Amino acid sequence: MWDDAFPSFLIGLREGLEAGLIVSILVATLVRAEARSRLPQVWTGVLAAIAVALSFGAVLTFTAASMPQTAQEAFGGVLSVIAVAFVTAMVFWMRRSARNLSSELKQKVTGALAMGSGMLILTSFLAVGREGLETALFLWTTAQAAGESAGPLTGAAIGLVLAAGLCWGLYRRVLKINLTKFFTATGVVLIVIAAGVLGYGLRDLQEGGVLPGRTAYAVDLASSIDAGSWYSTLIQGVFNLMPTMTWLQVVAYVAYLAVVMTLFVRGVRGTAPKAVPEPRPEPATQGSTQESAQESAQVSADGSGEGSAAPKPAARRRPVWVVPAAVVAVPAVVAGLFVALGRPKPAGDQTVAVSETDCGKGFTAPKPGRQTFQMHNTGRQASEVYLVDPSTDAVYGEIEGLAPGTTRDLVATVAGGTYAWRCVPASGKAVTSKAVTVTGGGAAKPVAPVSEQDLAAPLKSYKAYVGKGLDTLVGQTRALQHDIEGGHLAKARTDWLTAHRTYASLGAAYGTFEDFDQKIDGRADGLPGGERDKDFSGFLRLEYGLWHGGSAKELTGPARQLSSDVAGLRKAFPSQDFDPGDLPLRAHEILENTLQFELTGDTDEGSGTNLATADANLAGTRELLTVLEPLLTGRAPKVLPTVDTDIDRVRKLLDAQHEGGHWTPVEKLSDADRRHLDGATGQLLEDLAPIPDLLEIRKSA
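Residues numbered from 1 in each chain as written. Predicted model: local features only at pLDDT ≥ 70, side-chain atom pairs only at ≥ 80, totals over all residues. Heavy atoms only, no water.

A.B. asks: Before we move on, could you go through the environment of Leu459 and cite the residues and values that matter?
C.D. replies: Among the secondary structure elements, Leu459 is positioned in helix α12 (residues 456–485). Since its relative accessible area comes to 12%, Leu459 is described here as buried. Separated by 122 residues in sequence, Leu459 and Gly581 have C-alpha atoms that sit 9.3 Å apart. In this structure, Leu459 is in contact with Phe578, Pro580 and Leu583, ignoring residues within four places of it in sequence. (Helix = DSSP H or I, 4+ residues; strand = E, 2+ residues; numbered from the N terminus. Buried < 20%, exposed > 50% of the residue type's maximum accessible area, 1.4 Å probe, protein only. Contact = heavy atoms within 4.5 Å.)

A.B. asks: With reference to specific residues and values, describe the state of the cysteines.
C.D. replies: Inspection of every chain in the model, using the stated rule, returns one disulfide. Note that Cys359 is cross-linked by a disulfide to Cys423, the S-S spacing being 2.1 Å. Residues Cys359 and Cys423 are joined through a disulfide that is right-handed, its torsion about the S-S bond being 85°. Of the two residues, Cys359 is situated in the loop between β3 (351–354) and β4 (369–377) and Cys423 in strand β8 (residues 417–425); the sequence distance between them amounts to 64 residues. Residue classification places Cys359 among the buried positions, given a relative accessible area of 10%. Note on Cys423: relative accessible area 0%, which makes it buried. (Disulfide = S-S within 2.5 Å.)

A.B. asks: Give me the lowdown on the pattern of salt bridges, citing residues and values where you can.
C.D. replies: A side chain with one charge can pair with a side chain of the opposite charge if their charged atoms come near. Following the criterion strictly, the structure yields 16 salt bridges and no others. Note that Arg649 is salt-bridged to Asp646, the shortest N-O span being 3.3 Å. With a gap of three residues between them, Arg649 and Asp646 both fall in helix α19 (residues 639–655), about one helical turn apart. Taking relative accessible area as the criterion, Arg649 reaches 10% and is therefore assigned buried. One salt-bridge network, held together by shared partners, links Asp483, Lys491 and Asp495. (Salt bridge = Lys/Arg side-chain N within 4 Å of Asp/Glu carboxyl O.)

A.B. asks: Break down the confidence of the model for the chain for me, citing the residues and quoting the values.
C.D. replies: Here the chain averages 77 in pLDDT, and 66% of its residues register 70 or above. Here helix α10 (residues 286–302) stands out as the element of the chain with the lowest mean pLDDT, 38, in contrast to helix α13 (residues 489–504), whose mean of 96 is the highest. With pLDDT under 50 throughout, residues 272–310 is counted as low confidence; its partners more than four residues away or in other chains account for 40 contacts. Segment residues 343–348: pLDDT under 50, and 12 contacts once partners within four positions in sequence are set aside and those in other chains are kept. (pLDDT = per-residue confidence, 0-100.)

A.B. asks: Quick rundown of helix α16 (residues 552–572)? Include the residues and the values.
C.D. replies: Between the first and last C-alpha of α16 there are 30 Å, a value that for 21 residues agrees with the 30 Å anticipated at 1.5 Å per step. Those residues of α16 that sit buried are Ala552, Leu555, Thr556, Pro558, Ala559, Leu562, Ser563, Asp565, Val566 and Leu569. Residues of α16 that are buried in the fold lie against α12, α13, α14 (516–521) and α15 (539–546). (Expected span 1.5 Å × (residues − 1).)

A.B. asks: Got a sec to walk through the packing of aromatic side chains? Specific residues and values, please.
C.D. replies: Going through the model one piece at a time under the given rule, you end up with 11 aromatic pairs. Relative to Phe373, the ring of Phe363 has its centre 6.0 Å away and its plane inclined at 75°; by these criteria the two rings are edge-to-face. Within this pair, whereas Phe363 is found in the loop between β3 and β4, its partner Phe373 is found in strand β4, the two being separated by 10 residues in sequence. Residue Phe363 is classed as buried on the basis of its relative accessible area, which comes to 10%. A relative accessible area of 1% places Phe373 in the buried class. An angle of 80° between the planes, with centres 5.4 Å apart, marks the rings of Phe373 and Trp421 as edge-to-face. Note that Phe373 is positioned in strand β4 and Trp421 in strand β8, a separation of 48 residues in sequence. Both residues of the pair, Phe373 and Trp421, belong to the buried class. (Phe/Tyr/Trp six-rings, centres within 6.5 Å; stacked < 30°, edge-to-face > 60°.)

Okay, here's the thing in C-alpha cells:
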C-alpha cells in the first residue's frame with residue numbers, strides 16, 4: 001500500500017506544512033498581541049476551510065460514481081490534468097515564497113486584526129482553504145490512479161499529522177527548518193509525480209473517447225515485466241508509470257518533465273539563498289499591545305469599540321459552538337444537495353410494467369442522460385425485458401429472468417431518439433410496447449441485435465473447423481493406440497501430447513459433444529477409486545498411466561477405448577445440435593476454464609504439460625474469434641485489436657516455457673512467471689468479457 005500512499009504522503013506533508021505555518025503565524029501574532037480572545041475566530045476559519053475541502057472531495061467522488069463508465073474516465077482525466085496544473089503552480093509558488101512567507105502573513109494578520117473578527121475568519125479560511133482544495137483534488141486523482149482509496153488516504157493522513165507536528169515544533173521554537181531547501185527538494189519529487197499523473201489523466205481521456213490513440217502503444221512491457229512485483233508496484237504507485245503506455249502518454253510525460261524540471265531548476269539556481277524567517281513573528285510594540293488590549297477590553301465590556309461611562313445590561317450571548325457548527329454544516333449541506341440534485345432520477349420515479357399484456361405500461365419519455373427504470377413483472381411468467389429502438393431493434397438495456405411479482409432496476413443511457421420496451425416471456429411471443437420519442441442531445445451506444453441467421457455463417461465455418469480437427473484427432477488417437485499396443489511407451493507419450501493438444505483446440509464445441517467429452521477428456525474427480533477407478537477413461541487416464549509407470553498391457557484397453565470414442569464422436573458430430581448462441585459464450589469460457597484448471601495444474605496427471613494444453617486452448621479461442629470477426633467489427637471495432645494484443649502477450653509467455661517437446665510444469669514456474677501468466681490471461685478474459693453480450697441472440701417481436 002505504501003507505493004500508493006507515498007505521493008499522497010508527500011502532498012499532505014507539503015500542503016499541511018504550508019497551511020500549518022500559516023495557522024502558526026496567525027496564532028503567534030494574536031498571542032503576542034495579547035488578543036487570545038480572537039483565537040476562536042482563527043480556528044473557525046480553519047474549520048470552515050477543512051469542511052469545504054472535505055465537501056469538495058465528496059462531490060468529486062459521488063458525481064463521478066453517477067456517471068457512465070466512459071464519462072467517468074473522461075471526468076477523471078480532466079481532473080487529473082487540472083490537478084497537475086495546481087501542483088505545478090504550487091511548486092513554483094512555494095519556491096518563490098518560502099523565504100518571505102512569515103513576514104507577508106504577519107502583515108496580513110495585523111491588517112485583519114484591525115478590521116474585525118469577520119476579516120480574521122476570512123483570512124484564516126482563505127489561507128488554509130486553498131491548500132485544502134488542492135489536497136482534495138490531488139487525493140481524488142491519485143486514488144483514481146491507484147484504483148483504491150485506502151493507500152492515498154493513509155499517506156495523506158500521515159503527511160498531515162507529520163506536518164502538524166513540525167508546525168507545533170516551529171511554533172514552540174523546538175525545530176528550525178530551512179523551508180527553502182525543504183520546498184525545493186520536495187518540489188523536484190512532486191514534479192516527477194505530477195508527470196505520471198498527467199500521463200494517467202491522458203490515458204483516462206483516451207479511454208473516455210476524448211483523445212485518440214487508445215491502442216497506439218509506445219511501450220508494451222506487460223509480457224516481460226512482473227506487474228505484481230514489489231519494484232513494479234512501487235514504480236506504478238509512485239510515478240504512475242505503467243508497463244503499457246500509449247505514445248500520447250510517453251510524449252506528454254517526457255515533455256512535461258523536461259520543460260517543468262528545467263524551469264524549476266533554473267529558478268532555484270538563479271536565486272541566492274537567504275535566511276528563512278522564523279514562523280514566530282516579532283513581538284508587538286508596547287503601545288500597540290496596550291491599544292489592542294484596551295480595545296479588546298472595551299469590546300468585551302460593551303460589545304462596541306467605544307467607551308461607556310455607565311455599564312449596560314448584559315446582552316444575550318449566543319453559544320460559542322454556533323458559528324463553528326454552522327461553518328461545518330453549511331458546506332456539507334451544499335455538497336449533499338449538489339450530489340443529490342446531480343444524480344439520476346430515482347428508480348421509483350418511473351415504474352414500468354413487464355408482462356404479455358401490460359408491457360411498457362407506465363413508460364413516459366424520459367430526459368436524456370443516464371436513467372434508472374424500475375421494472376415490475378405483473379405477469380405470470382418469468383420474462384426478459386429490453387429497452388430497444390423499435391426501428392432497428394438495437395438494445396439500450398436489458399434484464400434477464402425477471403420473475404413474476406418481482407421488481408428490478410434497469411439502468412440505461414438515453415439520448416435523442418425513439419424508445420420502446422420489449423417483453424419476452426419464457427413461453428409465448430415477444431411483445432413490444434408503444435414507442436416514445438426523446439428529444440435532446442447526448443450520445444447513447446446501443447447494441448445492434450444479433451439473430452440466429454447472423455450467426456449461421458460463423459457457425460458453419462466453425463463446424464467445418466471442428467470436423468477437420470476431429471478427422472485429424474481420429475488418426476492421432478489410432479497412432480497412440482498402436483504405440484501402446486506395440487510397447488513403444490516413449491513414443492506414446494509424445495503422440496499423447498500431440499493428440500491431446502488437438503482435442504483441446506476444439507474447445508468451443510465441448511458443449512455439443514454431449515457425453516463423448518466425459519469419455520474422452522473426463523477427470524477422476526468424484527470417482528470412488530480415483531485414477532484407479534474402472535470408469536476413469538480417456539486422455540487423462542492414459543496420461544496417468546504413461547507417466548506413472550503403467551505397462552503397455554495395462555494401458556492397451558484405455559487406449560483402444562479412447563480411439564473408439566473419438567471415432568464415435570467424429571461420426572456423431574455432424575448430426576449433433578450445435579446451438580449458435582454457444583459461439584459467443586465460448587469466446588470467454590474456453591480461457592476461463594484454462595485459468596481455473598490448466599494454469600493451476602489442477603488437471604495434471606503426471607505429464608506436466610498443462611501449459612501445452614493452455615496453448616492449444618488459446619489457439620482454439622483465436623480460431624473462434626476469426627469466425628466471429630465480421631459480427632464484432634461492426635459492433636465494437638476496438639474489441640478485436642485489443643484482444644489480439646492480449647493473445648499475443650499470453651502466447652509469448654507460453655512460448656517462453658517450452659523448448660522442443662518439453663514444457664515447464666505449472667508447479668515449477670517461478671513466482672514471477674506464474675504472476676505474469678495469470679495476469680496476462682486475466683486481462684485477456686476481461687477484454688473478452690463483452691463479446692457474449694454483444695453477440696447475444698435476442699428475440700424480436
